[in-house]
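For reference, the chains in residue letters:
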Amino acid sequence: NVVNQNCLRRFCEDESRAADPRCKPTFPELAVGHWADPESPLDVYKCQALISSASDKFLSCPGGRPGMCSGGRTGLACGRCEDGMYMDVDGLCNECVSGSSAPTILVVIVILMGFPCLYYLINGKITSETSTMMATGISMGSLLTLTQHFSVIGQLLTSWDEPMKSIWAILAVFMFDPKFLNSGCVFGDTTTFVGRILLPTFLLGWLTLFAIATQAGGKVGVVKESLVMVWPKVRNTMGQMFQAFYIAIAMSCILALQCYSSPNGTSSLSQHPYILCGSGDHTPFLVFSVLGMIVYLFGFGAFYITACIVIPGRSQRGLVAIQAYRFIFFRFRPEFWYWGSVFLFRNLLLTLAGVLNPGNPYTGAMYLGLVALGFLIAQCVCWPWRSNLLNTLDTVILFAMVAIVFSTLPFIEVTEVEVLESTRDTLVGIMVTVFVLASLTVVGSILGNMACKVREVRDPDGHIQRKEASMKTLSKAWADLTNCYRLDASRQMQFLTNLGAFDRAAVLKLAGVVDLELSRSEKGSKRSSRRVALNPQVPPGETSSGKAQKTSSAQVQPVDSSHGQEDVAEF
């Protein structure tokens, strides 16, 4: 096109051809979804797709003559609304009226009044078991995490028909997207972005002031003692809220890094297409975005990991550390005390989907699916939450994430040839990688089993020693367990009360095995009877070689009848 324009310009330089229709001023026709300045008609920018519907996703950029915008849009790439109008969550411009600012004011009031109330809801009594209120609170947090996970999908460059259009609009509430509040009638784009970054800091400061006010009121007798906030629980409330909205906070921080390219070689900000990435207008966004990542993402992440390492040792000194950092530990089983860091890292990885390649939604979608699938496998293997209900909820969330991500792939439209080729290469690479990893896993498992067998054949004595060492460890643990009958009933009850849900389930399973093996009845041990039924020629108490089984000193001695079977059964 540039060569043709140069040829035409030289052709028309001859004044004798001034009347030729080809030499009259004309404008190139722009494709739908593209925009150009009338002063530079060949300097073409790509418009951002709207989440309005699949049929009119480029309603703001109709194409045609340069400089044309519609739907109340104006500016570079039709990226902003005209004066006196605000942009809604669909990307459409609406006129500001007298009541347009009411949602912003109302939500601010609700946040100021409701945020301190969370202190009294999430700081219940500390117990070893998952109470109903605690399980309910964590379940609500899981629901919030689910909505934020799905909101990440909505941030991809895709357009939707109903009902998905309305669903993504509702989910914008949980991602701190101010468009649903008609914020364009109150603040400008830069002010709104900065406020979105500073919102967590403002809420933490507001809770701190409220706590100071309750303590001052408690000293003069105005506030009841039960309503006075204490600092360990205030820190726990801050951590809980920061953790619950971590995805939304991370998404706000990386918005300034989401740039997509245009045909003229420039890049525009995805949320504000009229701002060119790297320009002076982009600098305030970039500065606050980097500060937010340093403080919120990396700072909170470093604090979280440090707390996971340090706090378990400090918790032995009293309940202060437990109250202040229960948001880290009290959701997971004791043996998975570190899983909060894994959970936080998972949310951070999901958030980065929109930064990888904003111009190619397939990349972000496949990335989301693979990350969710990987953590789904880890969740099913470890089962780290404190109760089966919470483990099931997290498993369902990750499975739903995987299913929805791969269900959105047919709705992603890519028309550029280069992007299509890049997408094809990415998908082929993913398929090859998955196949290779699966094959290596199976082959590694086979080779590992063969290596164990070879080592067993080459070193039979060592194999027997390792097996005996394992049995000695197990026998010692069993001996320690059977010594529990020496505890009185109150100590036994205290011990059982302090067990978590999974430990109690393990005790019940062990009790079931003991009952099958050691329960005394007229027919003898149920498990012994089962062995005799399978191998009737071997009497109970003898091995297959005909020799009676011997009990080593390391093995458990039977509990004498003076203490009775009642204690064992009760345990």
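A brief report on the enclosed structure follows. (Residues numbered from 1 in each chain as written. Predicted model: local features only at pLDDT ≥ 70, side-chain atom pairs only at ≥ 80, totals over all residues. Heavy atoms only, no water.)

## Describing the overall build of the chain
For clarity, the threshold we go by: Counting from the N terminus, the helices are the DSSP runs of H or I reaching at least four residues and the strands are the DSSP runs of E reaching at least two. Summary of the burial criterion: residues with accessible area below 20% of their type's maximum are buried, those above 50% are exposed, and those between are partly exposed, where the area comes from a 1.4 Å probe applied to protein chains only. Residue contacts follow a heavy-atom distance rule, with two residues in contact if any of their heavy atoms lie within 4.5 Å. Computed with the Shrake-Rupley method and a 1.4 Å probe, the accessible areas treat only the protein chains shown as cover for residues.
What the chain contains, in helices and strands, is 21 helices and 8 strands. Per-residue burial over the chain gives 35% buried out of 571 residues. When contacts within the chain are restricted to residue pairs at least 6 apart in sequence, those whose partners lie at least 24 apart make up 63%. When the accessible surface of the chain is totalled, it reaches about 32,500 Å², and 64% of it is carbon and sulfur.

## So, the pairing of strand β2 (residues 40-46)
The following threshold applies: Criterion used throughout: strands pair if DSSP finds at least two bridges between them.
In the sheet, strand β1 (residues 34-37) pairs with β2 via 4 bridges, with the strands oriented antiparallel. Within the sheet, the bridge partner assigned to histidine 34 lies in β2 and is lysine 46.

## Examining the state of the cysteines
As a reminder of what qualifies: Note that a disulfide, as used here, is simply two cysteine sulfur atoms within 2.5 Å.
Evaluated as defined, the whole model comprises 5 disulfides. With a sulfur-sulfur separation of 2.0 Å, cysteine 96 is cross-linked through a disulfide to cysteine 185. Given an S-S torsion of about -95 degrees, the disulfide between cysteine 96 and cysteine 185 has left-handed geometry. Residue cysteine 96 is found in the loop between β6 (93-95) and α2 (102-114), and its partner cysteine 185 is found in the loop between α5 (164-171) and α6 (189-219); the two are separated by 89 residues along the sequence. By relative accessible area, which is 23% here, cysteine 96 ends up partly exposed. Given the relative accessible area of 26%, cysteine 185 is considered partly exposed. Paired through a disulfide, cysteine 259 and cysteine 277 show a sulfur-sulfur distance of 1.9 Å. Looking along the S-S bond of the cysteine 259-cysteine 277 disulfide, the torsion reads about -100 degrees, which is the left-handed sense. Of the two residues, cysteine 259 sits in strand β7 (residues 259-261) while cysteine 277 sits in the loop between β8 (267-269) and α9 (283-314), which places them 18 residues apart along the sequence. Accessibility expressed as a relative area gives 23% for cysteine 277, which makes it partly exposed.

## Description of a nonpolar patch on the surface
Just so we agree on the cut-off: Nonpolar side chains (Val, Leu, Ile, Met, Phe, Trp, Tyr) are joined into patches within 5 Å and like charges within 9 Å, using only residues with over 30% relative accessible area and no salt bridge. In what follows, salt bridge is the name for a side-chain nitrogen of Lys or Arg lying within 4 Å of a carboxyl oxygen of Asp or Glu.
Taken together, the side chains of Val428, Met431, Val432, Phe435, Val436, Leu437 and Leu440 define a hydrophobic patch exposed on the protein surface, amounting to about 700 Å² of accessible area. As for its position among the elements, valine 428 is in helix α16 (residues 417-458).

## Regarding the packing of helix α12 (residues 339-351) against helix α14 (residues 361-382)
Let me state the cut-off plainly: Angles run from 0 to 180 degrees between N-to-C directions of axes, and those axes are lines fitted to C-alpha atoms, restricted for helices to the stretch in contact. Orientation is classified from the angle alone, with under 35 degrees giving roughly parallel, over 145 giving roughly antiparallel, 65 to 115 giving roughly perpendicular, and any other angle giving oblique. Each helix crossing is assigned a hand: it is left-handed if the near helix lies turned anticlockwise from the far helix by less than a right angle, otherwise right-handed if that turn is clockwise.
The N-to-C vectors of α12 and α14 enclose an angle of 165 degrees; their axes lie 10 Å apart at closest approach. On the basis of the axis angle, α12 is roughly antiparallel to α14. Relative to α14, α12 is oriented so that their crossing is left-handed. Of the residues in α14, those in contact with Trp339, Val342, Phe345, Arg346, Leu349 and Leu350 of α12 are Tyr367, Leu368, Val371, Ala372, Phe375, Ala378 and Cys382.

## Details of the environment of isoleucine 167
Examined against the element boundaries, isoleucine 167 turns out to sit in helix α5. Judged by relative accessible area, which is 36%, isoleucine 167 ranks as partly exposed. Sequence spacing of isoleucine 167 and phenylalanine 150 is 17 residues, and the spatial spacing of their C-alpha atoms is 9.6 Å.

## Looking at unusual backbone geometry
Excluding glycine, most residues fall at negative phi; most peptide bonds, likewise, are trans. We note that alanine 77 has phi near 55 degrees; this positive angle belongs to a residue other than glycine. The residue alanine 77 is located in the loop between β3 (73-74) and β4 (80-81) in this model. Classification of alanine 77 as buried rests on a relative accessible area of 1%. Look at tryptophan 383: it is not a glycine, yet its phi comes out positive at around 50 degrees. Given a relative accessible area of 24%, tryptophan 383 falls into the partly exposed group.

## Thoughts on the nonpolar core
As a reminder of what qualifies: Within this scheme, the nonpolar core is defined by two criteria: the residues are buried Ala, Val, Leu, Ile, Met, Phe, Trp, Tyr or Cys, and they are joined through side-chain atoms within 4.5 Å.
Counting residues in each nonpolar core, the largest one holds 58 residues, and the members touching the most others are Tyr325, Ile328, Leu368 and Met401. Per-element accounting of this core gives the leading share, 9 residues, to α9. Apart from residues no more than four positions distant in its own chain, methionine 401 is found in contact with His149, Phe150, Ile153, Leu350, Leu368 and Ala372. Core analysis: the next-biggest nonpolar cluster, separate from the first, contains 9 residues, Leu203, Met229, Val234 and Met238 among them.

## Side note on empty space enclosed by the protein
This is how the line gets drawn: Put simply, the grid is 1 Å and covers the protein atoms alone, a cavity is a trapped set of points that fit a 1.4 Å probe, a pocket is an open set with protein on both sides within 12 Å along at least five of seven lines, and lining residues have an atom within 4 Å of a point. Grid points are joined across faces, edges and corners, and a volume is the space filled by probe spheres set on the points. Throughout, the ten residues Ala, Val, Leu, Ile, Met, Phe, Trp, Tyr, Cys and Pro are labelled nonpolar, Asp, Glu, Lys and Arg are labelled charged, and all others, Gly among them, are labelled polar.
Under the definition given, this model contains 2 cavities of 30 Å³ or more. When its volume is computed, the second largest cavity comes out at roughly 40 Å³. Every residue along the wall of the second largest cavity is listed here: Trp339, Val342, Phe343, Arg346, Phe375, Gln379 and Asp394. Every element with two or more residues in the lining of the second largest cavity is listed here: α12 and α14. Element by element, the count of residues in the lining of the second largest cavity is highest for α12, at 4 residues. Along the lines of polarity and charge, the residues of the lining of the second largest cavity split into 4 nonpolar, 1 polar and 2 charged.

## Some words on the packing of α6 against α9
Their axes nearest at 10 Å, the elements α6 and α9 cross at an angle of 10 degrees. The angle between α6 and α9 places the two elements in the roughly parallel class. On α9, the residues that touch Asp189, Thr190, Phe193, Val194, Ile197, Leu198, Pro200 and Thr201 of α6 are Pro284, Phe285, Phe288, Ser289, Gly292 and Tyr296.

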